[in-house]
There are 2 protein chains.
Amino acid sequence: MDSIILGVGGKDLFAPERTSPTDSDKNLIRIVDPHYRCVSPFDLSVLRGDGVFEATTVWHGYPISLENHLKRLSNSARLMDMPQPNHQAFVAAINEVIAQYDDPEPAPLLRILVSRGMDPDTGIGKTNYGTPSVWMFLDGRGTLHDTAPITLTSLSRGYASDVTARAPWLLNGAKTLSYAVNQAMHRECRRRGVNDAVTYTADGFTLECPNSSIVAQYGDSLITPDPRIGILNGTSQREMFAWARQEGLDIKYSKLPIDQLREADRLFITHGGWVIPVSALDGRVYDVDETQVAGINDAIHSGRTHDDALSIGPLGAYEE
Amino acid sequence: MDSIILGVGGKDLFAPERTSPTDSDKNLIRIVDPHYRCVSPFDLSVLRGDGVFEATTVWHGYPISLENHLKRLSNSARLMDMPQPNHQAFVAAINEVIAQYDDPEPAPLLRILVSRGMDPDTGIGKTNYGTPSVWMFLDGRGTLHDTAPITLTSLSRGYASDVTARAPWLLNGAKTLSYAVNQAMHRECRRRGVNDAVTYTADGFTLECPNSSIVAQYGDSLITPDPRIGILNGTSQREMFAWARQEGLDIKYSKLPIDQLREADRLFITHGGWVIPVSALDGRVYDVDETQVAGINDAIHSGRTHDDALSIGPLGAYEE
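Residues numbered from 1 in each chain as written. Chains lettered and ligands numbered in written order. Predicted model: local features only at pLDDT ≥ 70, side-chain atom pairs only at ≥ 80, totals over all residues. Heavy atoms only, no water.

Draft legend 1. Quick look at the overall build of chain A. Within chain A, the regular secondary structure consists of nine helices and 14 strands. Each of the three principal axes of chain A carries a C-alpha extent, and together these read 55 × 45 × 40 Å. The proportion of buried residues among the 320 residues of chain A is 62%. At a minimum sequence separation of 6, the contacts of chain A that also span at least 24 residues come to 73%. Treating the 29 positive side-chain charges of chain A as one cloud and the 41 negative ones as another, the clouds have centres 6 Å apart. (Helix = DSSP H or I, 4+ residues; strand = E, 2+ residues; numbered from the N terminus. Buried < 20%, exposed > 50% of the residue type's maximum accessible area, 1.4 Å probe, protein only. Contact = heavy atoms within 4.5 Å. Lys, Arg positive; Asp, Glu negative; His and termini not counted. Charge placed at Lys NZ, Arg CZ, Asp CG, Glu CD.)

Draft legend 2. Up close: the packing of helix α2 (residues 66-79) of chain A against helix α3 (residues 87-100) of chain A. Residue and element names in this part refer to chain A. Remark: α2 packs on α3, axes separated minimally by 11 Å, with the N-to-C direction vectors making an angle of 125 degrees. Considering their axes alone, α2 and α3 lie oblique with respect to each other. In this structure, α2 crosses over α3, and the sense of that crossing is right-handed. Here α2 contributes L66, L70, K71, L73 and S74 to the contact with α3, which in turn contributes H87, F90, V91 and I94. (Axes fitted to C-alpha atoms, helices over the stretch in contact; angles between N-to-C directions. Parallel < 35°, antiparallel > 145°, perpendicular 65-115°, else oblique. Left-handed = near helix turned anticlockwise from the far one by under 90°.)

Draft legend 3. Structural context of empty space enclosed by the protein. Per the counting criterion, the structure on display carries three cavities of 30 Å³ or more. Estimates place the volume of the largest cavity at around 70 Å³. In this structure, the largest cavity is lined by 13 residues; those nearest its centre are S213, T224, P225, I231 and L232 of chain B. Among the elements of the structure, β9 (213-218) and β10 (221-225) of chain B are those that each provide at least two residues to the lining of the largest cavity. Across the lining of the largest cavity, the residue classes tally to seven nonpolar, five polar and one charged. Taken as a whole, the second largest cavity holds about 50 Å³ of empty space. Around the second largest cavity sit 13 residues that line it, and S213, T224, P225, I231 and L232 of chain A are the ones nearest its centre. Of all the secondary structure elements, the ones that give two or more residues to the lining of the second largest cavity are β9 (213-218) and β10 (221-225) of chain A. Of the residues in the lining of the second largest cavity, the class split is seven nonpolar, five polar and one charged. (1 Å grid on protein atoms, 1.4 Å probe; cavity = no way out; pocket = protein on both sides within 12 Å on 5 of 7 lines; lining within 4 Å. Points joined across faces, edges and corners; volume = space filled by probe spheres on them. Nonpolar A, V, L, I, M, F, W, Y, C, P; charged D, E, K, R; others polar.)

Draft legend 4. Looking closely at the pairing of strand β12 (residues 266-271) of chain B. Residues and elements named next belong to chain B. Taking burial as the measure, the six residues of β12 include six buried ones, the bulk of the element. Sheet topology places β12 next to strand β13 (residues 274-281); five bridges connect them, and they run antiparallel. What sits directly across from T270, in β13, is V275. In textbook terms, the turn of a hairpin is the stretch between consecutive antiparallel strands, and for β12 and β13 this stretch comprises two residues, one of which, G272, has a positive phi near 55 degrees. (Pairing = 2+ DSSP bridges.)

Draft legend 5. Focus on the sheet that holds strand β2 (residues 29-32) of chain A. Residue and element names in this part refer to chain A. Pairing in this open sheet of six strands is antiparallel, and the strands run β2-β1-β6-β5-β3-β4 from one edge to the other. Of all strands in the sheet, those with a lone pairing partner are β2 and β4 (62-63), marking the two edges. The pairing of strand β1 (residues 4-9) with β2 spans four bridges and is classified as antiparallel. Counterpart to L6 in the pairing with β2 is V32. Contacting β3 (51-59), β4 and β5 (109-115), α2 runs over the sheet at an angle of about 175 degrees to β3. Running at roughly 35 degrees to strand β6 (residues 133-139), α3 makes contact with β1, β2, β3, β4, β5 and β6 of the sheet.

Draft legend 6. Inspection of the relation of the copies chain A and chain B at higher detail. For these two chains of identical sequence, chain A goes onto chain B by a turn of 180 degrees and a shift of 0.0 Å along the axis, with RMSD 0.0 Å. The relationship between the two copies is best expressed as a two-fold rotation axis. When the interface residues of chain A are mapped onto chain B, 100% of them again lie at the interface, so the same face is used by both copies. (Least-squares fit on C-alpha atoms with pLDDT ≥ 70 in both.)

Draft legend 7. A look at the interface of chain A and chain B. Listed per partner, the contact involves 62 residues of chain A and 62 residues of chain B. The contact between chain A and chain B buries some 5,300 Å² in all, and 57% of this surface belongs to carbon and sulfur atoms. The three residues of chain A that bury the most area against chain B are R37, R48 and W169 of chain A, which together make up 15% of that side's buried surface. At the boundary of chain A and chain B, one finds six salt bridges. Residue D81 of chain B is joined to R187 of chain A by a salt bridge in which the shortest nitrogen-to-oxygen separation is 2.8 Å. There are 34 residue pairs in polar contact (both at pLDDT 80 or more) connecting chain A and chain B. With nine residues, helix α5 (residues 180-192) of chain A is the single largest residue contributor to the side of chain A that touches chain B. Class assignment for the residues of the side of chain A that touches chain B results in 32 nonpolar, 14 polar and 16 charged. (Buried area = accessible area lost by both parts, 1.4 Å probe. Salt bridge = Lys/Arg side-chain N within 4 Å of Asp/Glu carboxyl O. Polar contact = N/O pair within 3.5 Å; in protein donor to acceptor, adjacent residues only side chain to side chain.)

See the structure below:
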């Protein structure tokens, strides 16, 4: 039974003008034993966390929000001055990985890693520089999603809300392989006895969770922080907004004070194709409607929200 | 000719109570072909930039500032909640790597990488979790140090000067494998047509360079930012301070406004066992004394500053 599928990407994943992938595309992806150590220690992913990634759930063979994930991968690559991925080639490679999967687990996690490549400042890397390294895996044996209500703490991200435009080298809004701070936030959560965190700016505006977006419900309105503050454009959050619009709820992107977030009727985190309810933030308790949550996740997983999610995003000028 | 030596570390590098390494210590380090891909894509270094590192020059077989590098590695591991490295075991492993080197290049670069290990949230990693992964290499064929004068720009790091104590999850002061922002700063330097950058806080205090410390000379005094602001405790900077003390100059750690840094008589960056003069910062031009620089580097490389550098550091309470 093939429960963990590992693929090593080739240079054609960045070919600028592909038309349609064919069976002869040997250079898109090579499926290897998942125990195969296919990364050089001279690769910039290892040396510098220098790359970008995406992750989503593949629900019964269907990679959730795939186009929005690939669009975000492209945006991260742009913010990182890396070559642009060819979406058609990535889709073909991802489908090849999914085709190899053969396990009863219906919701394995797909991870797509794109490193800048070998480090040209090393003796090994300087002769191999210029092509990004790609690894992708579909994993039905790792920690999978759980929709049990979670508790949150709030943590400062240290940056002011206006830093993103002024200091693009801080890479706010790029989903990079440099996640040591995100990991440290999760350790701080364990110390505080909660499940996860939501971050805020030095001047008190809500950002995101270490590996999720945050959505607040107030009556019939859903609000999420405008990604232009320097956070990721949530893929599952957009699926949730698509569900909300289909249900006749209001949806809104805004510059949301963390104090106002705490006053929500309900809170949710969204990631990897799932909406997860929040039962507490900084000790304040929130209403959880398990039926509502199950309904949203079903809408996302069945693909009902997919098309609408592609066109959802903040509109108009950014409220600085 | 063995110009690039790669070693894969074993679990005994973290053994808590080693006494003295012996020839039978097969579990300290395994020397492998440097082209060998010895890293799993399920390792947290690849997935999350989740680990710590050090780098220094090995000058004619002598690893510069080794004890201070290992102390800083320990401090980074502590800030990252990772197991403490056993210094005696690391020294033995590093000496084994150095012993394999056989190239006329007198100043290869030594890099020590310690990852948190395999990702327990993956199906491959969950059965292998708990031991850090270590790779170290000595590289005489990569980009080596150059003491030609360099030009600098200043870049905001986005954080206020008091954030480190309040938000330890930001990992300020830890030398982690998550260096995407440091790399982006170097790309910004290339866009601005300068060689390197010095960073400062949101409230205008000098920090450090993306992979160096900064030292300012005013008359007979050398000043560097106090590392307790949330920057690395510079190893080569301490060697340079040891040289200065031996020469009768004043040395001082302080909370140094970036405006005051610009008013220095001379500026230097220090890293990897080298002091490099700065010829310009933000367009302001500085005096460069190549003889002085050569003298400092000679003092460091010959080991004359080594013992004194071990006891140099900021004294007294931190000036908040």
